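Working through the structure, step by step
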Amino acid sequence: MTVLKTAKDLELMRPACKAAGQVLREIGEMIRPGVTTLELDRIAAELIRVAGGKSAFFGYRGYPCHVCLSLNDEVVHGLASSRTLNFGDILSVDCGVALNGFIGDTARTFVVGGCQTEVSVLLEVTERALFEGIAECRSGNRVVDVSRAIQEYVEASGFSVVREFVGHGVGRSLHEDPQIPNFVEAGSSVKLKAGMTLAIEPMVNAGRAEVKFLKDGWTVKTRDGSLSAHFEHTVLVTDEEPEVLTKV
Ligand code: MF3
Ligand code: CO
Ligand code: CO
């Protein structure tokens, strides 16, 4: 069931989303060669605590970390570990904060130190695809309009969208209806209404779209070993322009 948020709900949800955006930015400032992802997860836990919130991911279906940290060819749900970041790596950080009974969900892929032009193009295209999708988050549109905008932009740029994971409604729960694929799916599509809060989150591979699941039960990688990027915002559908709740 799709939940429409009231003005009162939004008063509570806005700070959760702001906190998620703020924590993600602060984690980004700590990313540099030599840092381990375990250190980043500890910092994330502390930043979320200081913001007055709780990680929306820790313990979710048994997920063992406070943020998702996915390195290079890892697509999503990477696990914090003692491996150190190297110059030229890319690291996707996904941050979900629960505060006031609501959740904000936002992600971004960061460059460690510096990278080659092809890599920065992958990141730019993925972020741009997110905003192409956000621009379609208008009452009267359908979910498929968001999906199409993302898929067309990514594929015209020569990259591919992951099919196994999708965007979603978000609010009191991390994953609410509707699902928001990053590709056009056959069949009926939910109409967007003012008051919907949606996590839009393209996952884009430099190579082929296929993914594989690691034996740790969580980490998802590209099947062909190509790099993958992930950008996500929580967005409010209104009767006017969409509002990006996790923007800082
Ligand atoms: N952050 C993911 C999303 O954007 C969900 C992560 S679930 C976890 O929907 F269990 F891996 F944390
Ligand atoms: Co997320
Ligand atoms: Co999400």
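This text follows the structure it describes.
Parameters at a glance
- Residues numbered from 1 in each chain as written.
- Chains lettered and ligands numbered in written order.
- Predicted model: local features only at pLDDT ≥ 70, side-chain atom pairs only at ≥ 80, totals over all residues.
- Heavy atoms only, no water.
- Helix = DSSP H or I, 4+ residues; strand = E, 2+ residues; numbered from the N terminus.
- Rg over C-alpha atoms; globule rule 2.2 N^0.38 Å.
- Buried < 20%, exposed > 50% of the residue type's maximum accessible area, 1.4 Å probe, protein only.
- Lys, Arg positive; Asp, Glu negative; His and termini not counted.
- Charge placed at Lys NZ, Arg CZ, Asp CG, Glu CD.
- Salt bridge = Lys/Arg side-chain N within 4 Å of Asp/Glu carboxyl O.
- Donors = N, O, S within 2.8 Å, 3.2 Å for Na, K, Ca; no water.
- Tetrahedral: all angles 85-135°; square planar, octahedral: opposite > 155°, others 65-115°.

Now for the overall build of the protein. Scanning the protein from terminus to terminus reveals four helices and 15 strands. Taken over the C-alpha trace, the protein has a radius of gyration of 17 Å; the compact-globule value for 248 residues is 18 Å, and the two agree within 12%. Here the C-alpha coordinates of the protein stretch approximately 45 × 40 × 30 Å along the principal axes. For the protein, the proportion of its 248 residues judged to be buried stands at 53%. If you average the places of the 26 positive and of the 33 negative side-chain charges in the protein, the two averages end up 3 Å apart.

Counted by the stated rule, this structure contains 11 salt bridges. One salt bridge in this structure joins aspartate 73 and lysine 221, with 3.9 Å as the shortest N-O distance. Linking aspartate 73 in the loop between β2 (68-71) and β3 (74-76) with lysine 221 in strand β12 (residues 220-222), this pair joins segments that are 148 residues apart in sequence. When the shortest N-O distance is used, the salt bridge between arginine 163 and glutamate 155 registers 3.9 Å. Classification of arginine 163 by relative accessible area gives partly exposed; the value is 34%.

Moving on, we come to the coordination of the cobalt ion (ligand 3). Bound to the cobalt ion (ligand 3) are the protein donor atoms Asp105 (OD), His168 (NE2), Glu201 (OE) and Glu232 (OE), situated 2.0 to 2.2 Å from the metal. Of note is the cobalt ion (ligand 3), whose six donor atoms meet at the metal with angles of 52 to 169 degrees in an arrangement that counts as irregular. The sequence motif formed by the donor residues of the cobalt ion (ligand 3) is D-x62-H-x32-E-x30-E. Between the two metal centres, the cobalt ion (ligand 3) and the cobalt ion (ligand 2), the spacing is 3.2 Å, with aspartate 105 acting as a shared donor. On the criterion of sequence distance, the pair formed by aspartate 105 in strand β5 (residues 102-111) and glutamate 201 in the loop between β9 (197-200) and β10 (203-205) is long-range, its members being 96 residues apart. Judged by relative accessible area, aspartate 105 falls into the buried class, the value being 2%.

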